[in-house]
Amino acid sequence: MTTTGTEPLLRVQNVKKHFPVRSSSLFNRDKLFLKAVDDVSLEVYPGETLGLVGETGCGKSTLARCVTRLYDLTAGTVEFGGQDISTMSRGELRPVRREMQMIFQDPYGSLNPRRRVGSIIGDAFQIHKIDDSKGQKRRVQELMELVGLNPEHYNRFPAEFSGGQRQRIGVARALALKPKLIVCDEPVSALDVSIQAQVINLLDDLQKEFGLTYIFISHDLSVVRHVSDRIAVMYLGKVVETAPSEELFEVSRHPYTRSLLSALPPADPDAAEQRERIVLVGDIPSPIFPPEGCRFHTRCPKARLDCAEHVPPTVPAFDDPPDHVMACLHPLKQDDELSDFTPEVADSEILVEATLQDAIEEPKP
Amino acid sequence: MALLEVDDLHVRFNTDDGVVNAVRGVSFEVEQGKTLGIVGESGSGKSVSTQTITGLTRGAKVEGTARFDGMDLLQATSEELRAVRGIKIGMIFQDPLTSLHPAYRVGWQIEEMIRAHKKDVSKAQARARAVELLGLVGIPNAKTRVDDYPHQFSGGMRQRVMIAMAMALNPALLIADEPTTALDVTVQAQVLDVMRRLQEEFGTAIVLITHDLGVIAEMADDVIVMYAGRVMEQASRRDIFYANHHPYTEGLLASLPARNSSGGRLLPIHGSPPSMINPPKGCPFAARCPYVFDRCIEEAPPLEEVFGNESHRSACWLSGQKSEREADRERVRAALLEAEKMEGIA
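Just so it is clear, the structure is predicted and the values come from calculations on it, not from any experiment.

A. Region of the structure containing the confidence of the model for chain A. Confidence along chain A averages 88 in pLDDT terms, with 94% of residues attaining 70 or more. Note that residues 361–365 of chain A has pLDDT below 50 and, in this model, 3 contacts with residues that lie over four places away or in other chains.

B. Broad picture of helix α4 (residues 133–146) of chain A. Residue and element names in this part refer to chain A. In this model, α4 (14 residues) spans 20 Å end to end at C-alpha, consistent with the 20 Å of a helix rising 1.5 Å per residue. All of the buried residues along α4 are Gln136, Val140, Leu143 and Met144. An end-on view of α4 places all buried positions within 100 degrees of arc, on one side of the element. The exposed residues of α4 that point more than 90 degrees off its buried face are Lys134, Gly135, Arg138, Glu142 and Glu145. Looking at the buried positions of α4, the neighbouring elements they touch are α3 (117–127) and α5 (163–175). Of the residues trailing α4, Gly148 is marked for its positive phi of about 85 degrees.

C. Representation of the environment of Cys289 of chain B. All names here are of chain B. By the element assignment, Cys289 lies in the loop between α11 (247–254) and α12 (294–298). For Cys289, a count of 22 C-beta atoms within 10 Å puts it in the buried group. The sequence separation of Cys289 and Lys341 amounts to 52 residues, and the corresponding C-alpha distance is 20 Å. Residues within four places of Cys289 in sequence aside, it is in contact with Pro247 and Cys296.

D. Representation of unusual backbone geometry in the model. Residues and elements named next belong to chain B. At Asn141, a residue that is not glycine, the phi angle is positive and equals roughly 60 degrees. Note that Asn141 resides in the loop between α5 (123–136) and α6 (142–145). Classification of Asn141 by C-beta neighbours within 10 Å gives exposed; the count is 12. Even without a glycine there, the phi angle at Asn170 is positive, about 55 degrees. One can find Asn170 in the loop between α7 (155–166) and β7 (173–177). Note on Asn170: 14 C-beta atoms within 10 Å, which makes it partly exposed.

E. Region of interest: the nonpolar core. Core analysis: the largest hydrophobic core is formed by 188 residues, its most contacted members being Ala172, Ile215 and Val233 of chain A together with Ala164, Leu173 and Val207 of chain B. At 8 residues, the largest contribution of residues to this core is made by helix α8 (residues 185–202) of chain B. Two domains each put at least three residues into this core: domain 1 (98–170) and domain 2 (245–345) of chain B. Each residue touching Leu173 of chain B, except ones within four places of it in the same chain, is listed here: Leu3, Leu4, Val30, Lys88, Ile89, Thr204, Ala205 and Val207 of chain B.

F. Molecular detail of α5 of chain B. All names here are of chain B. An ideal rise of 1.5 Å per residue puts 20 Å on 14 residues; α5 measures up with 20 Å between its terminal C-alpha atoms. Every buried residue belonging to α5 is among Ala126, Arg129, Ala130, Leu133, Leu134, Gly135 and Leu136, and all of these are buried. On its buried face, α5 sits against α4 (106–117), α6 and α7. Downstream of α5 by a residue or two, Gly138 has a phi angle that is positive, lying close to 80 degrees.

G. Representation of the sheet that holds strand β11 (residues 325–326) of chain A in the model. Residues and elements named next belong to chain A. Pairing within the open sheet is mixed, and its 7 strands lie in the order β6-β7-β8-β3-β9-β10-β11. Edge positions in the sheet fall to β6 (100–103) and β11, since each of these pairs with one other strand and no more. Relative to strand β8 (residues 213–218), strand β7 (residues 181–185) runs parallel, the two sharing 5 bridges. Within β8, the residue paired with Ile182 across the bridge is Tyr214. Docked against the sheet, α5 engages β6 and β7, running at close to 175 degrees with respect to β6.

H. Looking closely at the interface of chain B and chain A. Facing the 42 residues of chain B at the interface are 41 residues of chain A. Broken down by secondary-structure element, the contributors of at least two residues to the side of chain B that touches chain A are α5, α7, α8, α9 (213–219), α10 (237–242) and α11 of chain B. The element best represented in the side of chain B that touches chain A is α8 of chain B, accounting for 7 residues. Along the lines of polarity and charge, the residues of the side of chain B that touches chain A split into 19 nonpolar, 14 polar and 9 charged.

I. Structural context of the confidence of the model for chain B. Predicted confidence across chain B gives a mean pLDDT of 90, with 97% of residues reaching 70 or more. Of the two predicted TM-score estimates for the complex, the pTM is 0.87 and the ipTM is 0.83.

J. Geometry of the pairing of strand β9 (residues 222–227) of chain B. Residue and element names in this part refer to chain B. Most of β9 sits inside the fold, with 6 of its 6 residues counted as buried. Because side chains alternate across β9, one face comprises the buried residues Asp222, Ile224 and Met226, and the other comprises Val223, Val225 and Tyr227, equally buried. Both strand β3 (residues 35–39) and β9 contribute to a ladder of 4 bridges, which runs parallel. Bridge pairing links Val39 to Val225 in β9. Where β9 and strand β10 (residues 230–236) come together, 6 bridges link them in antiparallel fashion. By the bridge assignment for β10, Asp222 is matched with Ser236. Counted between consecutive antiparallel strands, the loop separating β9 from β10 contains 2 residues, among which Ala228 sits at a positive phi close to 50 degrees.

K. Spatial organisation of the sheet that holds strand β2 (residues 32–44) of chain A. Residues and elements named next belong to chain A. Within the open sheet, the 4 strands sit side by side as β2-β1-β4-β5. Their pairing is antiparallel. The outermost strands of the open sheet, each flanked by one partner alone, are β2 and β5 (83–84). In this structure, strand β4 (residues 75–80) lies alongside β5, joined through 2 bridges in antiparallel fashion. Note on β5: the bridge partner recorded for Phe80 is Gln83.

L. Main features of the packing of α4 of chain B against α7 of chain B. Residues and elements named next belong to chain B. In the contact formed by α4 and α7, the axes pass within 9 Å of each other and the chain directions differ by 20 degrees. The angle between the axes of α4 and α7 places the two elements in the roughly parallel class. Between α4 and α7 lies a crossing whose hand is right-handed. Contact residues: Val106, Gln109, Ile110 and Met113 in α4; Val161, Ala164 and Met165 in α7. The residue inventory of the contact of α4 with α7, partitioned by class, reads 6 nonpolar, 1 polar and no charged.

What counts and how
Residues numbered from 1 in each chain as written. Chains lettered and ligands numbered in written order. Predicted model: local features only at pLDDT ≥ 70, side-chain atom pairs only at ≥ 80, totals over all residues. pLDDT = per-residue confidence, 0-100. Contact = placed C-beta atoms within 7 Å. Helix = DSSP H or I, 4+ residues; strand = E, 2+ residues; numbered from the N terminus. Expected span 1.5 Å × (residues − 1). Buried ≥ 20, exposed ≤ 12 C-beta atoms within 10 Å, placed from the backbone. Arc of directions from axis to C-beta. Core = buried A, V, L, I, M, F, W, Y, C linked by C-beta atoms within 7 Å. Domains from an automatic or database assignment. Pairing = 2+ DSSP bridges. Axes fitted to C-alpha atoms, helices over the stretch in contact; angles between N-to-C directions. Nonpolar A, V, L, I, M, F, W, Y, C, P; charged D, E, K, R; others polar. Parallel < 35°, antiparallel > 145°, perpendicular 65-115°, else oblique. Left-handed = near helix turned anticlockwise from the far one by under 90°.

Written out as structure tokens, the structure is:
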């Protein structure tokens with residue numbers, strides 16, 4: 001997918017979302033903020049799939065909810081189809097919502113168990129006052145057929161469907177108003193692999209047929225790699241690297257991207273034995289008190305003194321193409337192995353762990 | 001003799017909708033110091049099998065034998081089982097938050113577990129052991145963390161606490177039921193690392209239940225593939241990935257996005273698993289199998305040796321000769337491609 005020359009469908013600029021949290025100390029009355037998304041900029045072009053990966057708590061779902069304006073933004077702007085939607089009121093948003101829809105992770109929790117499938121999918125027509133009830137039924141049945149459900153099951157309840165079929169209901173509901181953008185938040189994570197493949201193929205077909213644009217959020221890297229044209233990697237509220245999918249897997253520049261990719265066990269015993277496994281030390285830091293400078297510096301094997309002081313700018317590394325950008329002061333060369341480096345920052349968890357390991361006595365059997 | 005020998009295990013549950021045949025004739029062996037991977041989709045009976053062995057499926061109708069350390073676990077009284085669980089067989093589960101008591105400090109929970117089984121261990125000794133165990137599973141600052149509550153640990157750290165508890169009395173067998181499913185990949189890597197290290201150090205046998213073929217490829221020595229309460233295929237890790245026989249195993253691998261990097265279409269397995277209330281009389285996979293023929297629908301295939309390889313068994317009526325099986329593969333692949341093309345034209 002070439003992105004040069006075309007206008008982005010969605011432009012996210014310096015978006016921040018901070019949630020107020022109660023201060024833990026009685027005497028410290030300062031308001032604390034959980035910085036779920038902190039200064040994120042990215043673009044999504046028409047017809048492409050942008051993958052958003054990262055671990056629990058990195059802010060990927062919050063970002064999705066900011067982009068669709070389910071949350072109000074703390075700062076920054078979101079432009080959709082050239083229109084700034086970041087400060088629109090609910091009423092102003094209504095026509096925009098027709099064009100951007102969401103699919104959620106949990107096919108059990110996201111469908112009302114007491115309502116029939118036909119009315120769940122038909123809701124959108126009701127809300128936006130499209131067509132009379134007879135026309136609606138026909139449209140809903142067309143949608144059901146489109147996503148591979150039997151239109152005769154119009155009057156069934158969600159409980160009568162399997163997990164994979166429920167996710168198809170979610171897809172049909174999102175498609176009802178012929179949106180331009182669909183934000184898929186972990187759409188296949190709750191499904192078994194064989195069913196997962198069915199839903200991924202369905203999303204793929206629909207994209208080709210209707211020229212849809214997807215933002216595809218997942219923690220499963222192999223799924224994201226398969227569906228995405230470009231991938232953005234998030235860590236602790238920030239995007240650390242963005243690149244075309246294959247390029248990201250071949251030449252990742254950011255040490256976090258590299259460790260994330262290396263942690264994925266390939267379903268292939270030979271590859272499992274050969275790969276360089278980087279086991280990250282420690283836990284993801286608190287988003288209430290994120291580390292200064294580069295947020296990954298406390299766990300980064302390549303952290304240098306300046307990493308703890310300066311927030312790295314998002315730029316191409318070395319002579320990378322302009323669509324491959326990353327935020328690291330000391331990006332990795334292709335043949336660099338992370339295990340060859342030792343951190344030089346004082347607050348590195350790697351160094352703390354190393355001293356601890358030395359201190360542990362030989363365990364008694 | 002293997003450490004654990006399960007033979008012809010059947011588990012049935014009575015429910016309002018009828019009798020659910022969750023496990024239907026499962027047999028496997030676990031060797032000392034080895035890892036047996038059990039892979040399968042939701043409802044394949046992989047968890048029920050191991051939970052039954054350790055006596056955790058109350059109210060189930062159980063048949064078969066499970067020989068462990070000279071006794072049949074399925075015939076054992078609850079007293080006898082209690083003496084095995086925790087001491088000789090350690091267990092860890094998917095969700096470490098619900099497996100730990102939220103209102104007790106983790107150190108206390110580990111001490112309690114040690115002292116419940118070993119009456120002669122003093123409180124101080126148990127506490128020292130708890131600290132040692134937490135250090136062993138890689139929890140930094142074990143000495144102070146021992147007094148923390150479960151909610152003060154992250155998901156990965158909690159799973160380490162669970163491993164520490166399961167390993168407290170040096171069990172010969174560790175049953176890990178989806179131990180990393182709730183964890184992020186980088187944390188999963190840490191936890192798998194801990195399990196591998198402990199296995200090397202103490203020679204513990206592991207039964208690893210998972211739906212993730214990546215975890216299997218990394219951890220298992222031998223693998224059984226389960227579907228609809230039966231073992232479909234049983235082989236060494238390499239054979240499962242590179243020389244599998246059963247169409248279900250083949251289908252599972254083909255539907256993985258990782259096996260089929262960016263672009264191209266995935267090859268899903270069509271349809272969904274059968275109901276276990278009225279399981280089909282033939283092969284349970286027949287309805288979804290691209291190789292299906294008349295006999296599959298009429299008669300369930302037994303788990304038999306294939307490819308002239310003693311350790312490789314498959315429950316499928318397709319030929320056990322390598323060359324013939326390859327020919328079948330070619331035939332079906334061509335048919336599938338043709339069907340795909342027709343669909344494209346229509």
